[in-house]
Amino acid sequence: MTSPAPSIWLTTLGCAKNQVDSDKITGMLTAAGYTEASSPESADVVMVNTCGFIEPARRESVDTILELSGAKRDDASLVVVGCMAQRYETELAEALPEADAVLGLDRYSELVDRLDALRRWTPLTIGSARRSHMDILYETRRPTPMTPYAYVKVAEGCDKLCTFCAIPQFRGKQRSRGPENIRDEIAELAAAGVGEIGLVAQDLAAYGRDTDAPDIVELVRRVSDVEGLRRLRLYYLYPREIRPALIEEMAGNPIVANYFDLSLQHASSRLLRAMKRPGSGEQHRELVERIRSSAPDAAMRSSFIVGFPGETDDDVDELASFLDDARLDWAGFFPFSPEEGTEAAIMENQIPDSEKQARLRHLQGIQDDITTTCSVGQIGRTFTVVVDQVEDGRPVARSYREAPEIDGVIILDRGEPGEWLTVEITGGYGTDLDAIVTGSA
Ligand code: SF4
């Protein structure tokens, strides 16, 4: 008699890029015959896709592993995958005896076989997921999209040398996917009802640099006429890679969201140099101006590191004055985290944590006021939105101005998940807006 197919539960931590990997791992396992469990308690295999980017993310990963280890059935298997597993595979396996397997990114080709062995399960058919060499980038993702938006990873790894970042150490050099393969994945998602696609990579605007693939502008052109695709959003744009042609394409292509996710990190040129990142506050201002002159309605987001080694009060003032001038719609601030193996971790003049937190609160306060002013400025405007979900009876939607999961949302008077609607903004509070539906889009 054949045993029933084991069920899997996968908890994902970290960024959108990790979510893509999780969708692909789920796709790979379902292609191999596994089923999706409805809860960790009922699953035969409980998996955690970890984030190893910075220390707080790693702590959250370990806490989640321990929590799920307590929640799962005694006879269920616990498997740890993802960035943290890649970076600390041996240490994690030793430190977490609760885990039955720890598999880094390089070893996803072994995943199906390892799970089969753990569950002592012999599948009836040998599916395509049982190939010996797999690159997760090319895997087919989970069969049922969970949201009306999804991320598509167009490249893995990074060729830059930012002194605070350990990603190139464990994700390797940039490897871009072919444009046709990316287009096929977007077409599949769009056919399944996913109208908004976010293109992600560690350094998205450098797409194609490592191969004969076209550049990011050409890629955007090649995928924007996919049937059913309503909105394409570009994430993680390294400032020097944002060439005039890319700004023009983003401003002029109606499918591309007028949303610029700028990876600025700081405004002090001295600190940017120490980070081995190009530019200065002045050049950042020019970039913002260039974007606004091509796309006056552009929404902009950026992230900043606070408390980088050697950061002085003057540097913080410089960043604050940049925020005041740039008036970005959204911004995230992260305390500098000394990552093992990076240059910045061993730099002199490390800033105490309490000081980092104080500076972060100061800068966040400045930005919160700017974000609120930007949001309130939308009252009376009309937008095309997509409804992501209905929460407590209230439809939660987003326009091109709001990226999923990180920015504010628009609360509607009616609407169903997946619907595209035109709305008029009637009110605003903090980061979120209220709107009434005026028609379908
Ligand atoms: S560009 Fe991004 S991923 Fe690449 S090294 Fe710099 S911070 Fe890390």
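None of these values were measured; they are calculated from a predicted model. (Residues numbered from 1 in each chain as written. Predicted model: local features only at pLDDT ≥ 70, side-chain atom pairs only at ≥ 80, totals over all residues.)

1. Observations concerning the overall build of the chain
Inference 1: Summing up its helical and strand segments, the chain has 13 helices and 18 strands in all.
Inference 2: Here the C-alpha radius of gyration of the chain, 22 Å, is about what a compact globule of 441 residues would show, namely 22 Å.
Inference 3: Taking all 441 residues of the chain together, 47% fall into the buried category.
Inference 4: Contacts in the chain between residues at least 24 apart in sequence constitute 71% of all its contacts with a sequence separation of at least 6. (Helix = DSSP H or I, 4+ residues; strand = E, 2+ residues; numbered from the N terminus. Rg over C-alpha atoms; globule rule 2.2 N^0.38 Å. Buried ≥ 20, exposed ≤ 12 C-beta atoms within 10 Å, placed from the backbone. Contact = placed C-beta atoms within 7 Å.)

2. Examining the packing of helix α9 (residues 244-252) against helix α11 (residues 281-294)
Inference 1: Running from N to C, α9 and α11 point in directions that differ by 40 degrees, and their axes come no closer than 9 Å. Between α9 and α11, the interaxial angle falls into the category oblique. At the point where α9 passes α11, the crossing takes the right-handed sense. Contacts between α9 and α11 involve I247, E248 and A251 from the former and R290, I291 and S294 from the latter.
Inference 2: A breakdown of the residues in the contact of α9 with α11 according to their chemical character gives three nonpolar, one polar and two charged. (Axes fitted to C-alpha atoms, helices over the stretch in contact; angles between N-to-C directions. Parallel < 35°, antiparallel > 145°, perpendicular 65-115°, else oblique. Left-handed = near helix turned anticlockwise from the far one by under 90°. Nonpolar A, V, L, I, M, F, W, Y, C, P; charged D, E, K, R; others polar.)

3. Quick look at helix α7 (residues 179-191)
Inference 1: Helix length check: α7, at 13 residues, gives a terminal C-alpha distance of 18 Å against a target of 18 Å (1.5 Å per residue), a fit within 8%.
Inference 2: Structurally, α7 contributes buried residues whose contacts are with β6 (149-153), β9 (196-200) and α8 (216-223).
Inference 3: At the exit of α7 stands G193, carrying a positive phi of roughly 100 degrees. (Expected span 1.5 Å × (residues − 1).)

4. Overview of the site of the ligand
Inference 1: Taken together, C158, K160, C162, C165, I167, P168, Q202, D203 and Y238 make up the full set of residues adjacent to the ligand.
Inference 2: In terms of residue class, the shell around the ligand is made up of six nonpolar, one polar and two charged. (Near = placed C-beta within 6 Å.)

5. Re the sheet that holds strand β13 (residues 330-335)
Strand pairing within a sheet occurs via backbone hydrogen bonds; the two strands may be parallel or antiparallel.
Inference 1: Spatial strand order, β11-β12-β13: three strands in an open sheet with parallel pairing. For this open sheet the edge positions go to β11 (259-265) and β13, each flanked by a neighbour on one side alone. With direction set aside, neighbouring strand axes in the sheet form an average angle of 15 degrees.
Inference 2: Pairing analysis gives five bridges linking β11 to strand β12 (residues 299-306), with the strands arranged parallel. Among the inter-strand pairings, Q265 is bridged to a residue of β12, identified as F304. (Pairing = 2+ DSSP bridges.)

6. Topic: the sheet that holds strand β18 (residues 432-440)
Inference 1: Spatially, the five strands close up into a barrel ordered β14-β15-β16-β18-β17, and their pairing is mixed. For this sheet, the mean angle separating the axes of adjacent strands, direction not counted, is 50 degrees.
Inference 2: Bridge count between strand β16 (residues 410-412) and β18: three bridges; the pairing is parallel. Bridged to I411 within β18 is D434.

7. Brief notes about the environment of L66
Inference 1: Within the secondary structure, L66 sits in helix α2 (residues 55-71).
Inference 2: When the C-alpha positions of L66 and E98 are compared, they lie 7.7 Å apart, and in sequence the two are 32 residues distant.

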